[in-house]
Amino acid sequence: MIELTVNGRAQRLDVEPETPLLWVLRDELGLTGTKFGCGVAACGACTVELDGTPTRSGVLPVAAAAGKAVRTIEGRDDRVMKALQAAWLAEQVPQCGYCQSGMIMAAAGLLAAQPRPTDADIDAAMTNLCRCGTYQRVRAAIHRASKELA
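Summary of the structure given here. Since the model is a prediction, treat every value here as computed from it, not as a measurement. (Residues numbered from 1 in each chain as written. Predicted model: local features only at pLDDT ≥ 70, side-chain atom pairs only at ≥ 80, totals over all residues. Heavy atoms only, no water.)

**A short note on the overall build of the protein chain**
To keep it simple, the criterion reads: In DSSP terms, a helix is any run of H or I states spanning at least four residues, a strand is any run of E spanning at least two, and both are numbered starting from the N terminus. Radius of gyration: over C-alpha atoms. The globule rule applied is 2.2 Å multiplied by the number of residues raised to the 0.38 power. The rule is simple: take the accessible area with a 1.4 Å probe, protein chains only, and divide by the maximum for that residue type; under 20% is buried, over 50% is exposed, in between is partly exposed. By definition in these notes, contact holds between two residues if any of their heavy atoms fall within 4.5 Å.
Helix and strand counts for the protein chain stand at five helices and five strands. Taken from the N to the C terminus, the helices and strands of the protein chain come in the order β-β-α-β-β-β-α-α-α-α. Whereas a compact globule of 150 residues would reach a radius of gyration of roughly 15 Å, the protein chain reaches 15 Å, a difference of no more than 12%. For the protein chain, the spread of C-alpha atoms along the three principal axes comes to 45 × 30 × 25 Å. Relative to its full complement of 150 residues, the protein chain shows a buried share of 43%. Considering only residue pairs separated by 6 or more positions, the protein chain has 60% of its internal contacts joining residues 24 or more positions apart.

Here it is as structure tokens:
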């Protein structure tokens, strides 16, 4: 049995310890907002927060999350998330939308660590991939959200 907290709720799961956290979230808990992208944790579609730190869940064994707090896109309903969502829409970031939950989770982590990020801070922190290529819009949206939160 693996015990962890997901979106504020204690979970006790009978899963293999090496099962990727992503599959536990999606298949066992029905939290499908976190996406499977590349399978090697390179693209960032699988980004969740683990004890407040953006973490790629696609290759992370669920055992590594035992005893920790996991937060998915479904569990983010706070001031930061609202500011990011509004900024994402205002800057017309989403196109296909597939990478968006991972992008937003990474952006929320960035704003938690660096409330007034520079372009260089954003470029360094936002390593998620977007097939549509909206990186300039992502940067503008993060700046917009940062100003809203200030």
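Alright, that's what it looks like, and here's the rest.
**Things to note about the side chain of Ser-101**
Tracing the backbone through its elements, the reader meets Ser-101 in helix H3 (residues 100–113). Not counting chain neighbours up to four residues away, the residues in contact with Ser-101 comprise Gly-33, Thr-34, Lys-35, Ala-45 and Ile-73.

**Brief notes about the nonpolar core**
Within soluble globular proteins, side chains that are nonpolar tend to cluster in buried spots. Keep this limit in mind: Put simply, a nonpolar core is a bunch of buried Ala, Val, Leu, Ile, Met, Phe, Trp, Tyr and Cys residues held in one set by side-chain atoms that sit within 4.5 Å of each other.
Of all hydrophobic cores here, the largest spans 24 residues; its most connected members are Leu-84, Trp-88, Met-103, Met-126, Val-138 and Ile-142. Mapped by element, the contributors of at least two residues to this core are helix H2 (79–90), H3 and helix H5 (135–149). When near neighbours in sequence (up to four residues on either side) are disregarded, Val-138 contacts Trp-88, Val-93, Met-103 and Met-126. Grouped together as the second largest cluster of nonpolar side chains are 15 residues, Ile-2, Val-15, Leu-50 and Val-70 included.

**Quick word on the pattern of salt bridges**
Keep this limit in mind: What makes a salt bridge here is a side-chain nitrogen of Lys or Arg within 4 Å of a carboxyl oxygen of Asp or Glu, nothing more.
According to the stated counting rule, one finds nine salt bridges in the structure shown. Between Arg-76 and Asp-78 there is a salt bridge whose closest N-O contact spans 2.6 Å. In this structure, Asp-77 and Lys-82 form a salt bridge, with 2.4 Å as the shortest nitrogen-oxygen distance. Judged by its relative accessible area of 61%, Asp-77 is exposed. Three or more residues are tied together by salt bridges with common partners; here these are Glu-49, Arg-71, Arg-76 and Asp-78.

**Describing a nonpolar patch on the surface**
Note the following rule: In this analysis, a patch consists of residues with relative accessible area above 30% that form no salt bridge, clustered at 9 Å for like charges and at 5 Å for the nonpolar side chains Val, Leu, Ile, Met, Phe, Trp and Tyr. Here the open area of atoms and residues is found with the Shrake-Rupley method and a 1.4 Å probe, where only the protein chains shown may cover a residue.
Nonpolar side chains collect at one region of the surface, where Trp-23, Phe-36 and Tyr-98 lie side by side and expose about 280 Å² of accessible area between them. Here Trp-23 lies in helix H1 (residues 21–28).

**A closer look at H1**
The set of residues buried in H1 consists of Leu-21, Leu-22, Val-24 and Leu-25. Looking one or two places after H1, you find Gly-30, whose phi comes out positive at around 70°.

**With respect to the sheet that holds strand S2 (residues 9–13)**
The test is simple: We call two strands paired when DSSP finds no fewer than two bridges between them. In this analysis, axes come from line fits to C-alpha atoms, helices being fitted only over the stretch in contact, and the angle between any two N-to-C directions falls in the range 0 to 180 degrees.
Reading across from one edge, S2-S1-S5-S3-S4 is the order of the five strands in this open sheet, with mixed pairing throughout. At either end of the open sheet lies a strand with only one pairing partner, and these are S2 and strand S4 (53–56). With direction set aside, neighbouring strand axes in the sheet form an average angle of 40°. Sheet topology note: the strand S1 (residues 2–6)/strand S5 (residues 69–71) ladder contains two bridges and is parallel. Within the sheet, the bridge partner assigned to Val-6 lies in S5 and is Val-70.

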